[in-house]
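# Examining the three-dimensional arrangement
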Amino acid sequence: MRELPVQDIVDTVAKLCIDACHKLPPDLIAGFHQAVAQEISPLGKSVLLKLIDNDRIAREQNVPVCHDTGLTIVYVSLGQEVHVVGGAFQEAIQAGVRKGYAEGYMRKSVVGDPLLRVNTNDNTPAVVHTEIVPGDRVHITVLPKGGGSENWSTMKFLLPGEGAEGVKKFVLDAINTAGGAACPPLTVGVGIGGSFDKVTEIAKKAILRDIGIHHQAPHIAALERELLEDINRTGIGPQGYGGVSTALWVAVETYACHITALPVAVNIQCHAGRRASAEI
Ligand code: SF4
């Protein structure tokens, strides 16, 4: 059994919060550059270049890439040979978020009670997903999720007979409904299958996948390509100013489901597709 001081988890989560909010991942920047090369709208191209510049300035000045530093989603793969010592594991995650958002001067974007709406002033509680895996390592990913894109995410139970065409229509409807309000260019995470809760979980996990990497199953990879082409034919464009770069990527994740069901979820990620990971 490997002993892991709880403070290591606190410090790692804090650093990941700051890193994620202050610099976009390399695959997303590469996606911006590719979109610049393909964009036919001068205004759309200009927006993309500004987003690239925005990331550069944030890195150089150690400031967030967007004022909305999000509700913090934390994914933990906890090795079953790890013994966390010196405190409670779940509290360590929350303490790390608290520390990171204070030290990184990030906006506190969380209200404690959803109806009373009083800001918790430290961006906690984070939403934490923990899975126990073999080994003696802890892998942590922080995904600060902006409200402007999350609010357009959606889920529906289709009839099984609606199949892939029904899925495509549902995703396209979600993108058209969001329009420019979800801060495109987007990364679109799609979940197909599972249960009411599972389908939204896998849709969100899909947006963690690097841009440029397709699903391993050929028919799902084909669906990802078709969806990306269809979304970029909507004409919404970067920030809604028109163009062919409404989405940089579509990632689909699937799960087994009930014989009577075809659940589909769309998790929309904005151009501030922030995520950072570390292993301890
Ligand atoms: S949706 Fe994304 S880009 Fe738009 S304000 Fe929120 S975090 Fe920023």
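Residues numbered from 1 in each chain as written. Predicted model: local features only at pLDDT ≥ 70, side-chain atom pairs only at ≥ 80, totals over all residues. Heavy atoms only, no water.

### Some details on the site of the ligand
Condition: We call a residue near a molecule or strand whenever a single non-hydrogen atom of that residue lies within 4 Å of it. Residues are grouped as follows: nonpolar covers Ala, Val, Leu, Ile, Met, Phe, Trp, Tyr, Cys and Pro; charged covers Asp, Glu, Lys and Arg; every other residue, Gly included, is treated as polar. Domain start and stop positions are those given by an automatic or database domain assignment.
Taken together, Cys66, His67, Asp68, Gly146, Gly148, Ser149, Cys183, Cys270, His271 and Arg274 are the residues near the ligand. In the shell around the ligand, the residues fall into 3 nonpolar, 5 polar and 2 charged. Split by domain, the shell around the ligand shows at least three residues from each of two domains, domain 1 (2–20 + 65–145) and domain 2 (148–271).

### Looking at the domain arrangement of the protein chain
Condition: Should any heavy atoms of two residues lie within 4.5 Å, those residues are counted as being in contact. Once two parts are put together, the accessible area they lose, assessed with a 1.4 Å probe and summed over both, is termed the buried area. Put simply, a salt bridge is a Lys or Arg side-chain nitrogen that is within 4 Å of an Asp or Glu carboxyl oxygen. By definition, any uninterrupted DSSP run of H or I lasting at least four residues is a helix, any uninterrupted run of E lasting at least two residues is a strand, and each is numbered from the N terminus.
Structurally, the protein chain comprises domain 1 (2–20 + 65–145) and domain 2 (148–271). Taking the mean C-alpha position of each, domain 1 and domain 2 sit 26 Å from one another. Domain 1 puts 6 residues into the contact, and the matching count from domain 2 is 10 residues. When residues of domain 1 are sorted by the area they lose upon contact with domain 2, Tyr75, Leu143 and Lys145 head the list and together hold 71% of the total. Across the domain 1-domain 2 interface, the total number found is 1 salt bridge. Lysine 145 is paired through a salt bridge with glutamate 150; the nearest N and O atoms lie 3.0 Å apart. Listed by contribution, the elements that provide at least two residues to the side of domain 1 that touches domain 2 are β2 (71–79) and β5 (138–145). If you tally residues by element for the side of domain 1 that touches domain 2, the top one is β5, at 3 residues. Partitioning the side of domain 1 that touches domain 2 into residue classes produces 3 nonpolar, 1 polar and 2 charged.

### Examining the sheet that holds strand β6 (residues 154–158)
Note the cut-off: Pairing between strands requires that DSSP locate at least two bridges from one strand to the other. For helices, the fitted line uses only the C-alpha atoms of the stretch in contact; every axis is such a line through C-alpha atoms, and the angle between N-to-C directions lies from 0 to 180 degrees.
The strand order β6-β9-β7-β8 describes an open sheet built from 4 strands, whose pairing is mixed. Since the sheet does not close on itself, it has two edges, and those belong to β6 and β8 (247–255), each with one partner. Adjacent strand axes in the sheet meet at a mean angle of 15 degrees when their direction is disregarded. Sitting on the sheet, helix α6 (residues 163–178) touches β6, β7 (186–193) and β9 (262–269), and the angle it makes with β9 is about 30 degrees.

### Some points on the nonpolar core
Using the following cut-off: For this analysis, a nonpolar core means a set of buried residues of the types Ala, Val, Leu, Ile, Met, Phe, Trp, Tyr and Cys, connected via side-chain atoms within 4.5 Å. Whether a residue is buried, partly exposed or exposed follows from its accessible area with a 1.4 Å probe, protein chains only, as a fraction of its type maximum: under 20%, in between, or over 50%, in that order.
Judged by nonpolar contacts, the single largest core of 46 residues is most densely connected at Phe32, Val171, Val188 and Val190. Secondary structure elements with two or more residues in this core: α2 (26–38), α3 (42–61), α6, β7, α8 (218–232), β8 and β9. For this core, the leading source of residues is α6, giving 7 residues. When sequence neighbours within four positions are dropped, the list of residues in contact with valine 190 reads Val171, Ala203, Ala206, Leu227, Val250, Ala251, Val252, Glu253, Val264 and Ala265. Judged by nonpolar contacts, the second largest core, of 27 residues, contains Leu4, Val6, Ala126 and Val138.

### A closer look at the pattern of salt bridges
Evaluation of the coordinates by the stated rule reveals 22 salt bridges. Among the ionic pairs, glutamate 150 bridges to lysine 204, the shortest N-O distance being 2.6 Å. On the criterion of sequence distance, the pair formed by glutamate 150 in helix α5 (residues 147–150) and lysine 204 in helix α7 (residues 196–206) is long-range, its members being 54 residues apart. Judged by relative accessible area, glutamate 150 falls into the partly exposed class, the value being 28%.

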